[in-house]
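Survey of secondary and tertiary structure
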Amino acid sequence: MRRATSTSATLEAPLLKVRELTCSFGPGCSYCADRDAILERNMCPRCGTIHALRQVSLDVYPGEIIGIVGESGSGKSTLMRCICFDQQPSSGSVTTGLVENGTVDLLACSPQQKRAIRNTIFGMVYQNPWLGLRMDFSALSNIAEQMIASGNRKVEEMRTRGLSLLEQVNIPLRRASDPPREFSGGMQQRVQIAKALSNNPPILLLDEVTTGLDLSVQAKVLDLILRLRRDLDVSMVVVSHDLAVIRMLAQRTSVMLDGKVIEQGLTDQILEDPQERYTQQLVHSLL
Amino acid sequence: MRQLYNFAFFDEGSKREIRRAILKGIAIPGYQVPFASREMPIGRGWGTGGLQITLAIIGRDEVLKVIDQGHDGSVNAVNIKKLICATTGVALTEDTAAASLIQSRHRIPEEPLSEQQVLVLQVPTPEPLRDIEAREQVTQRLHAEADYTGAWLGLFEQVVRYGSATTGADHPVLVNGRYVMAPSPIPRLDNHKLDHVANLTLLGAGREKKIYAVPPYTSVKSLDFEDYPFVTETFEGRECRVCGAKGVYFDELVDEASGKTYHQCNDTNYCHKRQLERRQFEEQQSERRQLGTQQPAAQQLGDSDTGAEPLEAQHPEMPLERQQPAAQQPAAQQHEKRQPRLIAPEVTA
């Protein structure tokens, strides 16, 4: 496995550190407790336990976009869900320099602390907008939700902020008080991004944001993401099975297969000179 | 005496279970305590929650008042009174001040209650976060973590869409700085009658199987935004056509003859009392007019104070009417009889 070396200054501390994240569903047994045990894809052949994540580690440096690729069921979304506390992993740690200087494992925090961290440090955009939005509430309320959660009790302030975010993501302001249910898929996705940005989070987690969108809308969303990185210097973790998206956005990429990170490195290197058999297959089939 | 039912309908074990839930509710203001809501001889959704609380705490020397949307004589109230009376034989009253136990649906009486009184409210939907989150498991967790984003979000949505909070009733409140609670569908005008008041308020939801409480002198704050503060319904420029009251909750009625709308106090007992007061005052005035100017002016003034004094200062002189639930009489007529009687529980056969 390769290690990223040059892009991020080695002196700089990572903004987000994920270490040995493991997430399994099932009783587990002595066989699959071994971290190098050979599984049937991600399932233990003896006890049937599903190992959705196996010792996944990740570093995200300030202002960097990390790509995660892999086939369906390889654990990409589970990884995202674990990082933003939607899913409690079996073991592992997530730390960020923004909380207690990186000395505290976020996964061990109280639910209240987790909620506060989620509302201020992470912005999450789900693959399925129905998970991230309240479809019956207006777009503006959806954006305000995060601000209300972090203690804002001023309607006008939230309205102004909401409108400016909607403008940033190119949603006509006359649609601001319409519910996302009535929006197209691309618009819903952009409302989600606006919602995720409402509290100016330093870390954005984007799970398959462009999947299912037509090409022109895809281009708009990708454009927006790049603009956010340029203007706001937001760090991002971008999950996609679309290598073109990864190539466009990410500086470094991790390739996941059956819950494991099988290859990690600079995006160009991985796409031009894949080492692992699966990555080679992936790159060849898609490019 | 042959009794078909145990005192207050329930067996003692049931009463104890409900009382335990009530005590827990009082200990944790605003927290919804689950309880084993029982089958009642009235349908769920018709006040069974309040009724179960009333039956669990009622004693033989209780004086009971039951109101439905401010009215002592409406069907729901009368039926509940009948049931309670038939199984307990307690005294009934329509006089808010005379009652020791008041069960109400969707209103809190206009007259302030005292430390000796208990108010029981019937609740259809006890969960203030239900509109935001349909799953009970999740709302319980949100309460546990005091995550009330959803309650505020609902209000924000109303402000965004309609320019102001549009909760006609059941405006969510924060109890004791901890739990967000549905105050039952009382009008917003009644919310302040829960805040730091002398009486104990018990809320029961029979269908949803929840009991919760606001103990005396507990802070109850209506949720609002800094720039959109909580406002009550306004009835500016309107007054009760019958008693002339202002600033209370009104019913809007249509005068069939002229086709015009007019307003009348929603709280019937309050209205009757004021009518009586007014009549007394007018009688006194006319008596005095007949007597001429023989009395010194100062005493005349002092005597006439009664008309302007608040109700509660007067109530010791008010007649405490006692009546059988089956024989409902218009309260105005009763007041005319004006024969103070002692209230004693009657044993029903």
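Residues numbered from 1 in each chain as written. Chains lettered and ligands numbered in written order. Predicted model: local features only at pLDDT ≥ 70, side-chain atom pairs only at ≥ 80, totals over all residues. Heavy atoms only, no water.

Counting secondary structure elements, chain B contains 10 helices and 12 strands. Out of the 349 residues in chain B, the part that is buried amounts to 52%. Nonlocal contacts in chain B, meaning residues at least 24 apart in sequence, comprise 61% of its contacts between residues at least 6 apart. Surface accessibility of chain B: about 16,600 Å² in total, with carbon and sulfur atoms responsible for 50%. (Helix = DSSP H or I, 4+ residues; strand = E, 2+ residues; numbered from the N terminus. Buried < 20%, exposed > 50% of the residue type's maximum accessible area, 1.4 Å probe, protein only. Contact = heavy atoms within 4.5 Å. Areas by Shrake-Rupley, 256 points an atom, 1.4 Å probe, with all protein chains shown as cover.)

Now for the pairing of strand β3 (residues 65-70) of chain A. Most of β3(A) sits inside the fold, with six of its six residues counted as buried. Residues of β3(A) alternate between two faces, with A:I65, A:G67 and A:V69 on one and A:I66, A:I68 and A:G70 on the opposite face, all of them buried.

Turning next to the pattern of salt bridges. As enumerated under the stated definition, the model contains 35 salt bridges over all chains in all. Among the ionic pairs, A:R230 bridges to A:D231, the shortest N-O distance being 3.0 Å. Taking relative accessible area as the criterion, A:R230 reaches 63% and is therefore assigned exposed. Sharing partners across several salt bridges, the network here consists of B:R107, B:E110, B:D190 and B:K193. (Salt bridge = Lys/Arg side-chain N within 4 Å of Asp/Glu carboxyl O.)

Residues and elements named next belong to chain B. Reading across the sheet, the three strands line up as β7-β6-β10 and stay open at both edges, with antiparallel pairing between neighbours. With one partner strand each, in any of the chains shown, β7 (179-181) and β10 (220-222) form the two edges of the open sheet. Looking at each pair of strands side by side, their axes are set apart by 35° on average, direction ignored. Relative to β10, strand β6 (residues 173-175) is paired through three bridges, and the arrangement is antiparallel. (Pairing = 2+ DSSP bridges. Axes fitted to C-alpha atoms, helices over the stretch in contact; angles between N-to-C directions.)

The next thing to look at is the environment of B:R60. Within the element layout of this structure, B:R60 appears in the loop between α2 (48-57) and β2 (63-68). On a C-alpha basis, the gap between B:R60 and B:V90 in space is 5.8 Å, while along the polypeptide they are 30 residues apart.

Glancing now at the nonpolar core. One finds A:L166, A:I193, A:L204, A:L206, A:I225, A:M236 and B:F156 to be the most contacted residues of the largest nonpolar core, which totals 68 residues. Considering every element that reaches this core, the biggest residue donor is helix α5 (residues 149-162) of chain B, with seven residues. Filtering out sequence-adjacent residues up to four positions away, A:I193 remains in contact with A:V125, A:V169, A:V221, A:L224 and A:L228. (Core = buried A, V, L, I, M, F, W, Y, C linked by side-chain atoms within 4.5 Å.)

Another aspect to go through is the interface of chain B and chain A. The interface of chain B with chain A comprises 19 residues on the first partner and 21 residues on the second. When chain B packs against chain A, the two sides together hide about 1,900 Å² of surface, and 61% of this comes from carbon and sulfur. When residues of chain B are sorted by the area they lose upon contact with chain A, B:E145, B:L153 and B:F156 head the list and together hold 30% of the total. Counting the contacts that link chain B with chain A gives three salt bridges. Between A:R115 and B:E145 there is a salt bridge; the shortest N-O distance is 3.1 Å. Our enumeration of links across chain B and chain A arrives at 10 residue pairs in polar contact (both at pLDDT 80 or more). Among the elements that make up the side of chain B that touches chain A, the one with the highest residue count is α5(B) (nine residues). (Buried area = accessible area lost by both parts, 1.4 Å probe. Polar contact = N/O pair within 3.5 Å; in protein donor to acceptor, adjacent residues only side chain to side chain.)

With that settled, consider the packing of α2(B) against helix α3 (residues 75-88) of chain B. Residues and elements named next belong to chain B. As a packed pair, α2 and α3 sit with axes 11 Å apart at the nearest point and diverge in direction by 25°. Classified by the interaxial angle, the pair formed by α2 and α3 is roughly parallel. Viewed along their axes, α2 and α3 form a crossing whose handedness is right-handed. Here L51, T54 and L55 of α2 come into contact with α3, specifically with I80, L83, I84 and T87. Partitioned by chemical class, the residues of the contact of α2 with α3 number five nonpolar, two polar and no charged. (Parallel < 35°, antiparallel > 145°, perpendicular 65-115°, else oblique. Left-handed = near helix turned anticlockwise from the far one by under 90°. Nonpolar A, V, L, I, M, F, W, Y, C, P; charged D, E, K, R; others polar.)

Let us look at the packing of aromatic side chains. Residues and elements named next belong to chain B. Enumeration according to the criterion identifies seven aromatic pairs over all chains in this entry. With a centroid separation of 5.0 Å and an interplanar angle of 45°, the aromatic rings of Y5 and F9 are classed as tilted. Ring geometry for Y31 against Y179: centres 5.4 Å apart, planes inclined by 55°, an arrangement best described as tilted. In this pair, Y31 is assigned in the loop between α1 (12-27) and β1 (33-34) and Y179 in strand β7, connecting sequence segments 148 residues apart. Y179 gets classed as buried once you look at its relative accessible area, which sits at 13%. Aromatic ring contacts, followed pair by pair, group Y5, F9 and F10 into a single cluster. R178 extends its terminal NZ or CZ atom over the ring of Y179, reaching a point 4.2 Å from the ring centre. Just above the ring of Y262 sits the side chain of R241; from NZ or CZ to the centre is 3.5 Å. (Phe/Tyr/Trp six-rings, centres within 6.5 Å; stacked < 30°, edge-to-face > 60°. Lys NZ or Arg CZ within 6 Å of the ring centre and 35° of its normal.)

Bringing the sheet that holds β2(B) into the picture now. All names here are of chain B. Strand order in the open sheet formed by seven strands is β1-β9-β8-β5-β4-β2-β3, and the pairing between neighbours is mixed. Of all the strands in the sheet, the pair left with one neighbour each is β1 and β3 (91-92). Bridging between strand β8 (residues 200-205) and strand β9 (residues 210-214) involves five bridges; their strand directions are antiparallel. Of the residues in β9, the one forming a bridge with L202 is A213. Sheet strands in contact with α1 are β1, β8 and β9, and its direction is about 45° off that of β9.

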